[in-house]
Amino acid sequence: MQIKILDLNLFEGGLFWPNIEKLIQKENPDILCLQEVFNGDAKQSPNFRTIEQLDKLLPGFHHYYSPELFEIWPFGQGDGGNAIYSRFPMREEQTIFLHREYQKILRPRNEKDFSHYPKNLQSVVVEIDGKRLHVANMHGIWGLDGKDSKERLQMSKLIVKEVKGKKPLVLAGDFNLKPDTVTIQYIEKLLTNVFKGEMKTSFNMRHKDNLGYASAVVDMFFASPDIKIVSKSVPGDDVSDHLPLLVTVEI
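Residues numbered from 1 in each chain as written. Predicted model: local features only at pLDDT ≥ 70, side-chain atom pairs only at ≥ 80, totals over all residues. Heavy atoms only, no water.

Visitor: Where do I start with the packing of aromatic side chains in this structure?
Guide: Aromatic ring pairs: the centre-centre distance and the angle between the two ring planes describe each pair. This structure, assessed with the given rule, holds 10 aromatic pairs. With a centroid separation of 5.9 Å and 75° between ring planes, the pair formed by phenylalanine 38 and tryptophan 73 is classed as edge-to-face. Placement of the pair is phenylalanine 38 in strand S2 (residues 31-39) and tryptophan 73 in strand S3 (residues 62-73), with a sequence separation of 35 residues. Classification of phenylalanine 38 by relative accessible area gives buried; the value is 4%. Between phenylalanine 114 and tyrosine 117, the aromatic rings sit 5.3 Å apart at their centres with planes inclined by 85°, giving edge-to-face as the arrangement. Per residue, the accessibility class of phenylalanine 114 equals that of tyrosine 117, and both read buried. One aromatic cluster is present, built from ring pairs that chain together Phe38, Phe48, Trp73 and Phe75. The ring of phenylalanine 70 is capped by lysine 104, whose NZ or CZ atom sits 5.4 Å from the centre of that ring. One cation-aromatic arrangement involves lysine 208 over tyrosine 213; the distance from NZ or CZ to the ring centre is 4.3 Å. (Phe/Tyr/Trp six-rings, centres within 6.5 Å; stacked < 30°, edge-to-face > 60°. Helix = DSSP H or I, 4+ residues; strand = E, 2+ residues; numbered from the N terminus. Buried < 20%, exposed > 50% of the residue type's maximum accessible area, 1.4 Å probe, protein only. Lys NZ or Arg CZ within 6 Å of the ring centre and 35° of its normal.)

Here it is in structure tokens:
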């Protein structure tokens with residue numbers, strides 16, 4: 001059976017929601033792995049109500065939401081974290097914190113350092129016509145250098161511990177570091193890096209002033225060796241400051 005999976009960092013809850021909506025309607029994915037997903041109350045602006053909007057867009061889908069923090073902005077507030085949406089039922093759900101723990105964080109208007117923000121990994125089992133697919137979705141430790149650090153190496157150990165021995169499995173997300181790091185190499189010992197060496201950047205440079213992002217790949221998609229990759233693409237749709245990843249797998 002073939003399953004289409006969309007991975008996307010939504011960019012502050014979905015600043016370009018109409019474009020995100022069009023992409024999802026056009027591609028019609030079966031599973032979505034999403035980062036920077038907000039769940040604010042009805043008083044908040046639309047991008048702080050991501051869950052509400054996704055539920056309307058994807059009726060009948062199951063979802064699992066893992067908030068990383070409660071973020072208080074100058075112009076809004078609410079839980080922010082990761083979400084998996086699935087056309088198929090989820091039988092097991094787990095959240096593993098990779099860096100710090102859930103907490104309230106006051107965000108200054110001109111915040112430029114997010115290295116202290118908590119990060120987590122979602123791990124679920126999706127049941128598809130009697131078959132089980134492990135799906136993991138994460139947002140990695142932030143840092144402009146994209147290099148290995150003590151915290152990132154520890155992060156990869158937690159990821160490896162969670163995915164080891166699970167098949168079939170996919171792991172997607174915004175890893176917030178470069179693909180040529182030891183941190184990523186640990187993961188590659190177990191899983192196939194589906195887009196390895198194929199992207200110049202995973203950022204949408206329409207929304208980046210720092211030219212360093214033009215050669216930075218931080219969004220990645222991994223699959224266990226038993227999974228067949230039917231197709232893969234990096235659409236250029238203007239949906240975020242990141243580019244979406246689309247992968248169709250066969251299990």
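Still to come is the rest of the account.
Visitor: Explanation requested: unusual backbone geometry in the structure shown.
Guide: Trans peptide bonds make up the majority, and among non-glycine residues the majority have a negative phi. Cis geometry is adopted by the peptide bond preceding proline 168, which originates at lysine 167 and carries an omega value of -15°. The residue proline 168 is located in the loop between helix H3 (150-163) and strand S9 (169-174) in this model. Even without being a glycine, glutamate 36 presents a positive backbone phi close to 55°. With a phi close to 50°, aspartate 129 is a non-glycine residue in the positive phi region. Topologically, aspartate 129 is positioned in the loop between strand S7 (119-128) and strand S8 (131-139). Owing to a relative accessible area of 67%, aspartate 129 belongs among the exposed residues under this scheme.

Visitor: Which parts of the structure should I look at to understand the pairing of strand S4 (residues 76-86)?
Guide: A regular strand places its side chains on the two faces of the sheet in alternate fashion. Among the 11 residues in S4, 10 count as buried, and that is most of the element. Here S3 runs beside S4; their pairing, made up of 11 bridges, is antiparallel. Considered in S4, the bridge of phenylalanine 70 is made with aspartate 79. Two successive antiparallel strands, S3 and S4, enclose a turn made up of 2 residues. (Pairing = 2+ DSSP bridges.)

Visitor: Would you mind going over the pattern of salt bridges with me for this structure?
Guide: Opposite charge on two side chains permits pairing when their charged atoms draw close. Applying the stated rule across the entire model yields 14 salt bridges. For glutamate 188, the salt bridge goes to lysine 196, with nearest N and O atoms at 3.4 Å. Here lysine 208 ties to aspartate 241 by a salt bridge, and the two come within 3.0 Å at their closest N and O atoms. With lysine 208 in the loop between strand S10 (192-193) and strand S11 (219-223) and aspartate 241 in the loop between strand S12 (228-233) and strand S13 (245-250), this residue pair connects regions lying 33 residues apart in the sequence. In terms of burial, lysine 208 and aspartate 241 fall into one category: buried. One salt-bridge network, held together by shared partners, links Glu12, Glu71 and Arg107. (Salt bridge = Lys/Arg side-chain N within 4 Å of Asp/Glu carboxyl O.)

Visitor: What is the right way to read the pairing of S7 from this model?
Guide: Taken across its 10 residues, S7 has 9 buried, putting it largely inside the fold. Pairing between strand S5 (residues 90-99) and S7: 8 bridges, direction antiparallel. Residue pairing in the sheet places glutamate 92 in a bridge with valine 125 of S7. Sheet topology note: the S7/S8 ladder contains 8 bridges and is antiparallel. What sits directly across from glutamine 122, in S8, is asparagine 137. The turn linking S7 back onto S8 is made up of 2 residues, and aspartate 129 within it adopts a positive phi angle of 50°.

All quantities given are derived from atomic positions and should not be read as evidence of function.
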